[in-house]
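# Structural description and commentary
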Amino acid sequence: MRILMLGGTGFVGRAVVEDALARGHEVTIFSRGRSGAALFPQVPRLVGDRDSDDYSALASGSWDAVVDSSGYVPRQVNNAMDALGDRVGRYVFVSSHAVYPRRGVAPGSTEDTPRREPVRDTEELFEETYGPLKVACEDDVQARFGEHASIVRLGKAAGPHDPQNGLTYYVRRATRGGRLALPGRPEQPVQLIDVRDSARLMVRLIEDGRGGAFNAIGPATPITLADLIHTCARVAGTEVEIVPVPEQDARGTFFPLIRDPEEWTVMQRDPARAVAAGMPQTPFETTVADVLAWDRERGTPALTFGFTEEEEAKALAEAGH
């Protein structure tokens, strides 16, 4: 099948392109051409800019499906659909779990959970607008493509090439072993989707001609923060002792994956619909091992969040034994 990728050299888009090529599909990438130039040399590239509404490169050509991994505001999505017209068969839109309320949702929630109200009067992306803007994008794709719209609501993704380095922080910290300061609660539930599993879902939806909305989340077996950290240590061949420390010890530093207890249910969603549609669920140990290998291969560059060794030592000392 012929697949157009709007974006395709970042994290999610890269995984989709890799999966589609591995499955024997023809892929075309539409991007600004500013990064990932060495990736996929066999793939045709169309250069444009969604921020400046430059879609001239899409004036010709037709595709069985488009995967939109770089649409964040309705203008971007609608202009892409206008540019493509009727020359694309299916629109796969990469959305987010931010479309759902963060609080007041029961464990095991599905795709039928009421979404937040759409926002259309701003293009500023921050915590309060990101999800509602995605809601507006979803609505517009579904209004235009109907049963030919596939909405993939991506949970927290992890894997090699993750620019956010959320799982990477814990993988790297676990390699040092010993007492680990955690400004959160070890029993907090966590859901992470291997980015390659979400990519497999998107390509499968195209292959099967399946529309609707799908929660792309994992792993198959529910885990907690403690499980995550101990798995990272086990894969690295170390042992850790988790020491909960007061949140104020973090001194405003961002810590990935940690949630307020009132928001824990956002990490307890039901992936059954996506699994039934063909989404695999890679064993979490495999994801961790691949992130560890990738991080070492790239030289373990400095991360901009979490405790420094000195900050952690101080927090542990204050926590005592």
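Structure first, text after, so check above.
The structure reproduced in this document is the subject of the present report. (Residues numbered from 1 in each chain as written. Predicted model: local features only at pLDDT ≥ 70, side-chain atom pairs only at ≥ 80, totals over all residues. Heavy atoms only, no water.)

### Some words on the overall build of the protein
When helices and strands are tallied, the protein shows nine helices and 13 strands. The C-alpha radius of gyration computed for the protein amounts to 20 Å, which stays within 12% of the reference 20 Å derived for 321 residues, consistent with globular compactness. Its C-alpha atoms give the protein principal-axis dimensions of about 65 × 45 × 35 Å. Counting only carbon and sulfur atoms, one obtains 50% of the accessible surface of the protein, whose full area is about 14,100 Å². When the 36 positive and 47 negative side-chain charges of the protein are each reduced to one mean point, those points stand 2 Å apart. (Helix = DSSP H or I, 4+ residues; strand = E, 2+ residues; numbered from the N terminus. Rg over C-alpha atoms; globule rule 2.2 N^0.38 Å. Areas by Shrake-Rupley, 256 points an atom, 1.4 Å probe, with all protein chains shown as cover. Lys, Arg positive; Asp, Glu negative; His and termini not counted. Charge placed at Lys NZ, Arg CZ, Asp CG, Glu CD.)

### Quick notes on unusual backbone geometry
With an omega dihedral of -5°, the bond running from G218 to P219 counts as a cis peptide bond. With respect to the secondary-structure elements, P219 resides in the loop between β11 (212-216) and β12 (223-224). At T300, a position not held by glycine, the phi torsion is positive, near 45°. Along the chain, T300 turns up in the loop between α8 (284-297) and α9 (309-319). Residue T300 is classed as partly exposed on the basis of its relative accessible area, which comes to 38%. (Buried < 20%, exposed > 50% of the residue type's maximum accessible area, 1.4 Å probe, protein only.)

### Section: the pattern of salt bridges
On inspection of all chains with the given rule, the structure shows 32 salt bridges. R200 is paired through a salt bridge with D19; the nearest N and O atoms lie 3.0 Å apart. Taken together, the positions of R200 in helix α5 (residues 195-208) and D19 in helix α1 (residues 12-22) put the pair 181 residues apart, joining distant regions of the chain. For R200, a relative accessible area of 13% translates into the label buried. (Salt bridge = Lys/Arg side-chain N within 4 Å of Asp/Glu carboxyl O.)

### Details of the sheet that holds strand β6 (residues 149-154)
Judged by pairing direction, the sheet is parallel, and its seven strands sit side by side in the order β3-β2-β1-β4-β5-β6-β11 without closing on themselves. Strands with a single pairing partner mark the edges of an open sheet, and in this sheet they are β3 (45-47) and β11. Sheet twist, expressed as the average angle between the axes of neighbouring strands with direction ignored, equals 20°. Relative to strand β2 (residues 26-31), strand β1 (residues 2-6) runs parallel, the two being bridged by five bridges. (Pairing = 2+ DSSP bridges. Axes fitted to C-alpha atoms, helices over the stretch in contact; angles between N-to-C directions.)

### A word on helix α4 (residues 166-176)
Helical periodicity: at 3.6 residues per turn, an α-helix aligns residues three or four positions apart in one direction. Counting buried residues along α4, nine of its eleven residues qualify, which places the element largely inside the surrounding structure. All of the buried residues in α4 are G166, L167, T168, Y169, Y170, V171, R172, R173 and A174. Where α4 is buried, its residues meet β7 (157-158), β8 (178-182), α6 (225-236), β13 (240-244), α8 and α9. G177, located one to two residues past α4, shows a positive phi value of around 65°. (Contact = heavy atoms within 4.5 Å.)

### Remarks on the pairing of β6
The element β6 is extensively covered by neighbouring structure, given that six of its six residues are classed as buried. Every second residue of β6 is oriented toward a common face, with A149, I151 and R153 on one face and S150, V152 and L154 on the other, all of them buried. For strand β5 (residues 88-96) and β6, the ladder comprises six bridges, and the chain directions are parallel. Across the sheet, the residue bridging to Y91 is A149, located in β6. You can see the chain leave β5, run along helix α3 (residues 127-145) and come back into β6, and the turn it takes is right-handed. Taken together, the five bridges between β6 and β11 define a ladder with parallel strand orientation. Paired with S150 across the strands is G212, a residue of β11. (Right-handed = clockwise from strand over helix to strand, strands pointing away.)

### Comments concerning the packing of aromatic side chains
The tally for this structure, following the rule as stated, stands at eight aromatic pairs. Here the aromatic rings of Y169 and F305 are separated by 6.1 Å at their centres, their planes lie at 50°, and the arrangement is tilted. Of this pair, Y169 sits in helix α4 while F305 sits in the loop between α8 and α9; the two residues are 136 residues apart in sequence, bridging distant segments of the chain. Take Y169 and F305: they sit in the same class, and that class is buried. (Phe/Tyr/Trp six-rings, centres within 6.5 Å; stacked < 30°, edge-to-face > 60°.)

### Observations concerning the packing of α4 against α6
Axes are the key here: two packed helices are described by the angle between their axes and the distance separating the axes. As a packed pair, α4 and α6 sit with axes 8 Å apart at the nearest point and diverge in direction by 55°. If you check the angle between α4 and α6, you find them oblique. Remark: the crossing between α4 and α6 carries right-handed chirality. Within the contact between the two elements, α4 uses L167, Y170, V171, A174 and T175 and α6 uses L225, L228, I229, C232, A233 and A236. (Parallel < 35°, antiparallel > 145°, perpendicular 65-115°, else oblique. Left-handed = near helix turned anticlockwise from the far one by under 90°.)

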